[in-house]
Amino acid sequence: MVTMNLPEQVDAILFDMDGTLLNTLPAWCVASEQLWGTSLTDVDSAEVDGGTVDDILELYLRDFPQADPQATVRRFMDILDANLAGNTEPMPGADRLVRRLAGHVPIAVVSNSPTRLVRDGLALQGWLDLFDAVLGVDDVAAGKPAPDPYLTAAERLGADPTRCVVIEDSAFGLRAGRAAGAWVLTLGDRLKGQGNMWVPGLDDERVTTWEPHP
């Protein structure tokens, strides 16, 4: 059910990272296009939107079945690291929200990115110590859209998943949050009108005036 108000009583707030807290999606898109050697089609981009490195590998091997999987992953990660270096900025409103919530309500980052990249990205913003839990795709049996990442984060925080707010900008993340039974706030044009509530970004007044508590 779509509402106009964020929950006031929550066990925890679980953030996606790429495209939600940090503007890393351009680096992922450029790295993917450099791997393919051409621009991805809209269909291909949609298939890996919010997905994992393994999702990108699966799509690549469909186009290039003779490629070596391990070598392809290493090549992609090298390209991605180069594109992320010095190019990671907070999404509008993200820094203010994270710093305002930290210490007042349990917060976690739950990402489909490799854990190393998640921790590095948070550390660059001075956020790493503000989060009560940080999970990358390496920390779970299955990444989003499976519910495992959000269920695992809730468990680590001692939270009831159904009393958690998930904040997401991708279809994979929305599906994962729903499957975990969480209340899902969606961001950005791609998910407009979806989830329990939608806002354009974290700088929306409904978010900046939100005062959740356990």
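Residues numbered from 1 in each chain as written. Predicted model: local features only at pLDDT ≥ 70, side-chain atom pairs only at ≥ 80, totals over all residues. Heavy atoms only, no water.

Caption draft 1: Layout of the overall build of the chain. A count of helices and strands for the chain gives nine helices and six strands. A globule of 214 residues ought to have a C-alpha radius of gyration of about 17 Å, and the chain, at 17 Å, matches this closely. Dimensions of the chain along its principal axes, counting C-alpha atoms only, are 50 × 35 × 30 Å. For the chain, the residues scored as buried account for 50% of the 214 residues in total. Just so you have it, the chain exposes about 10,000 Å², and 50% of that area is on carbon and sulfur atoms. On the chain, the mean spot of the 16 positive side-chain charges and the mean spot of the 33 negative ones are 2 Å from each other. (Helix = DSSP H or I, 4+ residues; strand = E, 2+ residues; numbered from the N terminus. Rg over C-alpha atoms; globule rule 2.2 N^0.38 Å. Buried < 20%, exposed > 50% of the residue type's maximum accessible area, 1.4 Å probe, protein only. Areas by Shrake-Rupley, 256 points an atom, 1.4 Å probe, with all protein chains shown as cover. Lys, Arg positive; Asp, Glu negative; His and termini not counted. Charge placed at Lys NZ, Arg CZ, Asp CG, Glu CD.)

Caption draft 2: Focus on helix H6 (residues 115-124). Turning to H6, its buried residues are Thr115, Leu117, Val118, Gly121 and Leu122. Along the long axis of H6, the arc covered by the buried residues comes to 165°, so they all point the same way. Summarising the contacts, the buried residues of H6 are in contact with helix H1 (25-36), helix H4 (69-84), strand E2 (107-110) and strand E3 (133-135). (Arc of directions from axis to C-beta. Contact = heavy atoms within 4.5 Å.)

Caption draft 3: Expanded view of the packing of aromatic side chains. This model, assessed by the stated rule, comprises four aromatic pairs. Relative to Phe76, the ring of Trp28 has its centre 5.9 Å away and its plane inclined at 50°; by these criteria the two rings are tilted. In this pair, Trp28 is assigned in helix H1 and Phe76 in helix H4, connecting sequence segments 48 residues apart. Each member of the pair, Trp28 together with Phe76, is buried. (Phe/Tyr/Trp six-rings, centres within 6.5 Å; stacked < 30°, edge-to-face > 60°.)

Caption draft 4: How the structure looks around the side chain of Asn196. Relative to the helices and strands, Asn196 resides in the loop between strand E5 (183-187) and strand E6 (197-199). In terms of polar contacts, Asn196 uses its side chain to reach the backbone amide nitrogen of Val184, at 2.8 Å. (Polar contact = N/O pair within 3.5 Å; in protein donor to acceptor, adjacent residues only side chain to side chain.)

Caption draft 5: Focus on the packing of H1 against helix H3 (residues 53-63). Running from amino to carboxyl end, H1 crosses H3 at an angle of 25°, the nearest separation of the two axes being 11 Å. What the angle tells us is that H1 and H3 run roughly parallel. Every pair of crossing elements has a handedness; the one defined by H1 and H3 is right-handed. Listed contacts from H3 to Trp28, Ser32, Leu35 and Trp36 of H1 are Val53, Ile56, Leu59, Tyr60 and Asp63. Here the residues of the contact of H1 with H3 are counted per class, giving seven nonpolar, one polar and one charged. (Axes fitted to C-alpha atoms, helices over the stretch in contact; angles between N-to-C directions. Parallel < 35°, antiparallel > 145°, perpendicular 65-115°, else oblique. Left-handed = near helix turned anticlockwise from the far one by under 90°. Nonpolar A, V, L, I, M, F, W, Y, C, P; charged D, E, K, R; others polar.)

Caption draft 6: View of the environment of Ala67. One can find Ala67 in the loop between H3 and H4. A residue is classified by how much of its surface remains accessible, and Ala67, at 22% relative accessible area, is partly exposed. For the pair Ala67 and Leu57, spaced ten residues apart in sequence, the C-alpha to C-alpha distance is 9.9 Å. Once residues within four sequence positions are removed from consideration, Ala67 is found in contact with Tyr60, Leu61 and Thr72.

Caption draft 7: Looking closely at the pattern of salt bridges. Counted under the stated rule, the structure contains nine salt bridges. A salt bridge links Arg100 to Glu211, with the nearest nitrogen and oxygen atoms 3.6 Å apart. Highlighted residues: Arg100 in helix H5 (residues 94-101) and Glu211 in the segment after helix H9 (205-208), separated in sequence by 111 residues. Accessibility expressed as a relative area gives 55% for Glu211, which makes it exposed. A salt bridge links Asp120 to Arg116; the nearest nitrogen and oxygen atoms lie 3.8 Å apart. On the criterion of helical spacing, the pair formed by Asp120 and Arg116 is a turn pair, its members being four residues apart in helix H6. (Salt bridge = Lys/Arg side-chain N within 4 Å of Asp/Glu carboxyl O.)

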